[in-house]
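Descriptive analysis of the structure
Spelled out, the chains give:
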Amino acid sequence: MFRRRFVILITLFCFFVPSVQFSAYAGEEAVRVLSFQGEVKIFSPGSDKDTGCAVDKEIKAGDRIKTGEASHVEIAFDKQKMNIIRIEENSDVVVVLKGNEKIELANGMVYARLAKLPKGETFQVRTPCVVCGVRGTGWLTKTDQEETTVSTFENKVFVNGLKENGEPMEKTFWINEGYERRIKKFENPEKISRISDERLSKMREIMNIRKEVSQGESSGTWKKMDRAGEAESNREKQEEGKILKRDDKKLDEVRNKEEVEEFTP
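Please read these numbers as outputs of a predicted model, since none were measured by experiment.

What counts and how
Residues numbered from 1 in each chain as written. Predicted model: local features only at pLDDT ≥ 70, side-chain atom pairs only at ≥ 80, totals over all residues. Heavy atoms only, no water. Helix = DSSP H or I, 4+ residues; strand = E, 2+ residues; numbered from the N terminus. Buried < 20%, exposed > 50% of the residue type's maximum accessible area, 1.4 Å probe, protein only. Contact = heavy atoms within 4.5 Å. Areas by Shrake-Rupley, 256 points an atom, 1.4 Å probe, with all protein chains shown as cover. pLDDT = per-residue confidence, 0-100. Phe/Tyr/Trp six-rings, centres within 6.5 Å; stacked < 30°, edge-to-face > 60°. Lys NZ or Arg CZ within 6 Å of the ring centre and 35° of its normal. Salt bridge = Lys/Arg side-chain N within 4 Å of Asp/Glu carboxyl O.

Scanning the chain from terminus to terminus reveals three helices and 17 strands. When each of the 265 residues of the chain is scored for burial, the buried share is 44%. Sequence-distant contacts, at least 24 apart, represent 48% of the contacts inside the chain between residues at least 6 apart. As presented, the chain carries roughly 15,400 Å² of accessible surface, and 50% of it is formed by carbon and sulfur atoms.

Quick look at the confidence of the model for the chain now. Residue-level pLDDT values for the chain average 79, and 68% of them are 70 or greater. Long-range and interchain partners of residues 209-234, a stretch whose pLDDT sits below 50, account for 49 contacts in this model, where long-range means more than four residues apart. When the criterion is pLDDT under 50, residues 255-265 qualifies, and its contacts beyond four places in sequence or with other chains add up to 21 contacts.

So, on to the packing of aromatic side chains. One pass over the structure, following the stated rule, counts three aromatic pairs. When the ring of Tyr 111 is compared with that of Phe 153, the centres are 6.3 Å apart and the planes differ by 55 degrees; the resulting orientation is tilted. Taken together, the residues span a long stretch of sequence, with Tyr 111 in strand E7 (residues 101-113) and Phe 153 in strand E11 (residues 147-154) at a distance of 42 residues. Residue classification places Tyr 111 among the buried residues on the basis of a relative accessible area of 4%. On the basis of relative accessibility, which here comes to 0%, the residue Phe 153 falls in the buried class. Ring centres of Phe 158 and Trp 174 lie 6.0 Å apart, and the angle between their planes is 80 degrees; this geometry places the pair in the edge-to-face category. Of the two residues, Phe 158 sits in strand E12 (residues 156-161) while Trp 174 sits in strand E13 (residues 173-176), which places them 16 residues apart along the sequence. Summarising the burial analysis for this pair, Phe 158 and Trp 174 share the class buried. Note that Lys 156 overlies the ring of Trp 174, its terminal NZ or CZ placed 4.7 Å from the centroid.

Phi is positive for Asp 56, which is not a glycine, with a value near 75 degrees. Inspection of the secondary structure assignment puts Asp 56 in the loop between strand E2 (40-43) and strand E3 (64-67). The exposure class of Asp 56 is partly exposed, given its relative accessible area of 46%. The phi dihedral of Phe 186 falls on the positive side, at around 65 degrees, and the residue is not glycine. When you line up the elements, Phe 186 lands in the loop between strand E14 (179-184) and strand E15 (193-194).

Tallying each qualifying case throughout the model produces 12 salt bridges. Close ionic contact of Glu 88 with Arg 86 constitutes a salt bridge, the shortest N to O distance being 2.5 Å. Of the residues examined, Arg 86 reaches a relative accessible area of 14% and is grouped as buried. With a closest N to O distance of 3.7 Å, Glu 147 and Arg 182 form a salt bridge. Placement of Glu 147 in strand E11 and of Arg 182 in strand E14 is noted, with a sequence separation of 35 residues between them. By relative accessible area, Arg 182 is classed as partly exposed at 40%. Beyond isolated ion pairs, a larger network of salt bridges with shared partners links Glu 74, Arg 86 and Glu 88.

Here is the structure:
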């Protein structure tokens, strides 16, 4: 009887342990450099030595990425390359990978385009001023440490200002497609403003078209990425306008220290 139980335990152990190892390895394997151009430096946690950038290079939690003038790097957060960020020139980013918080933008500008996140997860970007993100959308985050601008070019994004202790403020505000908000350090977001058609088209072009490159060179073929919900109906646009008006009304109420309904991302 003892021998039989021992065999059963060993069998279960053999099935369980490899599955855990595979799952952990698959998560690490997913975050890799998709393409880059110009000067891109990658530093391991606690190190000031550049480990170099290359297509398909694995990015680990805690890695710091810095880009120079006229440079950028695209990183895929899944093997299917559906969830991508693009770090623009003169930017300083730490890849956090801590729960829903994926990256910390210390300075500069980052595009994010998310198409397929695991169930129950969100993709969040933190700056010195805000934490923002959502489950599936496209947006641009830009910060100079004292002020952050969050611009949405697909679907909608939530944003929370940060307290002095780094914790998110209680009230969450939405930024719908085609709009943006500025958030100053330790303050609630400013009123929403519309993005010009020219800027909106440029943002969509940058993240809807990806260039496949080798070793960071400029040669390659362009491939369009799928974009769900390209055309929005008139009914949806009308509803969007109503949401924006309600959102800004509640923002005014927050500033007047009145009771407001709390949004939940």
